[in-house]
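Each chain, letter by letter, is given below.
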Amino acid sequence: MKTVERMLWKLAIIQFIFLFIAQLVVSHSSIAPYIVKVIHYEGVMKNSATKTVETFDQR
């Protein structure tokens with residue numbers, strides 16, 4: 001049982017290290033736009049304004 005616990009602790013520590021490294025890479029300002037695809041999906045990188053269509057209160 002102790003070997004399983006030891007292995008689980010090692011896996012948890014390794015996962016925490018990789019999580020910390022991934023957060024550092026994503027939060028770095030010059031690398032983030034190339035890695036994080038959500039920015040492109042949400043349209044944050046676009047400089048043009050989109051035309052909004054009002055659907056409520058049209059009578």
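Along each chain, residues carry numbers from 1 onward, in the same order as the chain's sequence is written. Two thresholds apply to this predicted model, a pLDDT of at least 70 for residue-level local features and 80 or more for giving and counting side-chain atom pairs, whereas whole-chain, interface and lining totals are computed over all residues. Hydrogens and water are ignored here; the side-chain numbers use all heavy atoms of the structure.

Here's the deal with the overall build of the protein chain
- Starting at the N terminus, helices and strands are each numbered in turn, a helix being any DSSP run of H or I of at least four residues and a strand any DSSP run of E of at least two. Within the protein chain, the regular secondary structure consists of 3 helices and 0 strands.
- Order of helices (α) and strands (β) in the protein chain, N terminus to C terminus: α-α-α.
- Each residue gets one of three labels from its accessible area relative to the maximum for its type: buried under 20%, exposed over 50%, partly exposed in between, using a 1.4 Å probe on protein chains only. Expressed as a percentage of its 59 residues, the buried residues of the protein chain come to 2%.
- Using the Shrake-Rupley algorithm and a 1.4 Å probe, accessible areas are obtained, with residue cover drawn only from the displayed protein chains. Accessible surface, the protein chain: about 6,300 Å² in total, of which carbon and sulfur atoms supply 65%.

Here's the deal with a nonpolar patch on the surface
- A surface patch of nonpolar side chains, amounting to about 1,200 Å² of accessible area, comprises Trp-9, Ile-13, Ile-14, Phe-16, Ile-17, Phe-18, Leu-19, Phe-20, Ile-21, Leu-24 and Val-25.
- Mapping Leu-24 onto the fold places it in helix α1 (residues 2–27). Exposure above 30% relative accessible area and the absence of a salt bridge qualify a residue for a patch, where like charges join within 9 Å and nonpolar side chains (Val, Leu, Ile, Met, Phe, Trp, Tyr) within 5 Å. Note on definitions: salt bridges are taken to be side-chain nitrogens of Lys or Arg within 4 Å of carboxyl oxygens of Asp or Glu.

Quick notes on the confidence of the model for the protein chain
- Every residue carries a pLDDT, the predictor's confidence in it, which falls somewhere between 0 and 100. Looking at the protein chain as a whole, its pLDDT mean stands at 76, while 49% of the residues score no less than 70.
- Helix α3 (residues 38–42) is the least confidently modelled element of the protein chain, averaging 61 in pLDDT, while α1 averages 92, the highest of any element.

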